[in-house]
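Here is what each chain is made of, one letter per residue.
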Amino acid sequence: MTISVRQIHPVFVGEVSGIDIAKPLTPDEVKAVEAGMDRYAVLVFHDQKITDEQQMEFSRNFGSLEDARGGNITKPEDKRLQVGMNDVSNLGRDGQPLSRESRVRLFNLGNMLWHSDSSFRAIPAKYSLLSARVANPVGGNTEFADMRAAYDTLDAATRAQIENLVCEHSLMYSRGSLGMLDYSDEERQMFRPVRQRLVRTHPVTGRKSLYLSSHAGAIVGAPTPEARILLRELNEHATQPKFVYAHTWRTWDLVMWDNRQVMHRVRRYDERQPRDMRRTTVAGDAPTTVQVPAA
Ligand SMILES: [Fe+2]
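Now for a description of the structure that goes with this document. Just so you know, these numbers come straight off a predicted model, no measurement behind them. (Residues numbered from 1 in each chain as written. Predicted model: local features only at pLDDT ≥ 70, side-chain atom pairs only at ≥ 80, totals over all residues. Heavy atoms only, no water.)

Looking only at helices and strands, one finds eight helices and 15 strands in the protein chain. For the protein chain, whose C-alpha radius of gyration is 18 Å, the value lies close to the compact-globule estimate of 19 Å for 295 residues. Judged by the C-alpha coordinates and their principal axes, the protein chain covers about 55 × 45 × 35 Å. Expressed as a percentage of its 295 residues, the buried residues of the protein chain come to 50%. Counting contacts in the protein chain only where the partners sit at least 6 residues apart, residues at least 24 apart contribute 83% of the total. In the form shown here, the protein chain has an accessible surface area of approximately 14100 Å², with 51% of it arising from carbon and sulfur atoms. The distance from the centre of the 39 positive side-chain charges to the centre of the 37 negative ones in the protein chain is 2 Å. (Helix = DSSP H or I, 4+ residues; strand = E, 2+ residues; numbered from the N terminus. Rg over C-alpha atoms; globule rule 2.2 N^0.38 Å. Buried < 20%, exposed > 50% of the residue type's maximum accessible area, 1.4 Å probe, protein only. Contact = heavy atoms within 4.5 Å. Areas by Shrake-Rupley, 256 points an atom, 1.4 Å probe, with all protein chains shown as cover. Lys, Arg positive; Asp, Glu negative; His and termini not counted. Charge placed at Lys NZ, Arg CZ, Asp CG, Glu CD.)

On to helix α1 (residues 27-40), then. The first and last C-alpha atoms of α1 sit 20 Å apart over 14 residues, in line with the 20 Å expected at 1.5 Å per residue. Turning to α1, its buried residues number three or more, namely Glu 29, Val 30, Val 33, Gly 36, Met 37, Asp 38 and Tyr 40. In this structure, the buried residues of α1 make contact with β1 (4-7), β2 (14-17), β3 (42-45), β5 (127-134), α4 (147-152) and β13 (254-258). Backbone geometry just downstream of α1 places Ala 41 in the positive-phi region, at approximately 70°. (Expected span 1.5 Å × (residues − 1).)

Before going further, it helps to examine the coordination of the iron ion. For the iron ion, the full set of protein donor atoms is His 115 (NE2), Asp 117 (OD) and His 264 (NE2), at a range of 2.1 to 2.2 Å. Each donor residue of the iron ion lies on the same chain, and together they follow the pattern H-x1-D-x146-H. In this pair, Asp 117 sits in the loop between α3 (103-108) and β5 while His 264 sits in strand β14 (residues 262-266), placing the two residues 147 residues apart along the sequence. Residue Asp 117 is classed as buried on the basis of its relative accessible area, which comes to 3%. Residue His 264 is classed as buried on the basis of its relative accessible area, which comes to 4%. (Donors = N, O, S within 2.8 Å, 3.2 Å for Na, K, Ca; no water.)

Relative to β2, β1 runs antiparallel, the two being bridged by four bridges. Within β2, the position partnered with Val 5 by the bridge is Val 16. With antiparallel pairing between neighbouring strands as the criterion, β1 and β2 make up a hairpin whose turn holds six residues, including Val 13 at a positive phi of roughly 75°. With three bridges joining them, β2 and β3 adopt parallel strand pairing. (Pairing = 2+ DSSP bridges.)

Formed by 21 residues in total, the largest nonpolar core has its most connected members in Met 147, Ile 162, Leu 198, Leu 210, Leu 212, Leu 231 and Leu 234. Only α4, β11 (216-219) and α8 (224-238) provide two or more residues apiece to this core. Among the nonpolar cores identified, the runner-up in size contains 18 residues, and Val 33, Phe 58, Phe 62 and Met 256 belong to it. (Core = buried A, V, L, I, M, F, W, Y, C linked by side-chain atoms within 4.5 Å.)

For the structure on display, the rule yields 21 salt bridges. Taking the shortest distance from any N to any O, the salt bridge between Asp 87 and Arg 80 comes out at 2.9 Å. What makes Asp 87 partly exposed here is its relative accessible area of 25%. Arg 105 serves as the salt-bridge partner of Glu 271, at 2.7 Å between the closest nitrogen and oxygen. Of this pair, Glu 271 sits in the loop between β14 and β15 (276-282) while Arg 105 sits in helix α3, and the two are 166 residues apart along the sequence. Each of Asp 52, Arg 80, Asp 87, Arg 133, Asp 276 and Arg 278 takes part in one network of salt bridges that share partners. (Salt bridge = Lys/Arg side-chain N within 4 Å of Asp/Glu carboxyl O.)

Pairing within the open sheet is antiparallel, and its three strands lie in the order β8-β7-β11. Every other strand in the sheet has two partners, leaving β8 (194-197) and β11 as the edge strands with one partner each. Ignoring strand direction, the axes of neighbouring strands in this sheet form an average angle of 40°. Sitting on the sheet, α8 is in contact with β7 (166-169) and β11, with an inclination near 125° to β11. (Axes fitted to C-alpha atoms, helices over the stretch in contact; angles between N-to-C directions.)

Within the element layout of this structure, Val 262 appears in strand β14. By relative accessible area, which is 2% here, Val 262 ends up buried. Residues Val 262 and Trp 114 lie 148 residues apart in sequence; the distance between their C-alpha atoms is 9.8 Å. If we skip the residues at most four places from it in the chain, Val 262 touches Phe 12, Ala 41, Val 42, Ser 116, Phe 144, Ala 145, Asp 146, Met 147 and Trp 257.

Shown next as structure tokens:
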């Protein structure tokens, strides 16, 4: 089989064929996928029938798996999937859809806000890989926005203004914007803000991109309302339809994206029916800026 990539959106996103990710990859295949990621930022693979083990194995071709701790409020004993797998389904341990009032469900609704995975970590994620084990029949598209195109189309004055800005990211900002404001002391500690550059440069291509996320709730040195207005304006610019690809899931699709180059969000779906989506996350290798030590 020869791997090939076809661009399926005017500015980014490649559809990959000629690869079976359930099998070990050759070095050339790994290189081809990485080159595709650098260029298209999002890659779509269809008909990839994989187990959790195969998904983790495929993901490890691109770096080590991120430690998922500190990224959610689900207690270890309530987890449906093994360590290494991020459960982004709407299901509980019993395999049934979570109840309407479930705090885990309400927390997970935050995935419907535009974000970059793990931007709330001091070393944010490199790639995310999402496998559809059961696609929901109604809605549930995942949308991606190309943050390189967003950066490239800013006016010169805005680019100069934001070049060296540093934002504070926390899960409490994204969830707080949905009205979830009650956290235990332990959760507050776990979700304390980290710093991220607002403009980042891709380590391979050298392209600049806007590093936005709903987790960003403050800009160092700026009054909060001023920071949030600027972030909102940049988010509106970055998520214009011309920069957005909407992925309609089929069961056994796998989509991988570069969190350093795109934002994404999930759209609403029929939560009474399963949406079994499983994510692996490839860890990043460096912070985007200097962190402030915890007080
Ligand atoms: Fe996400």
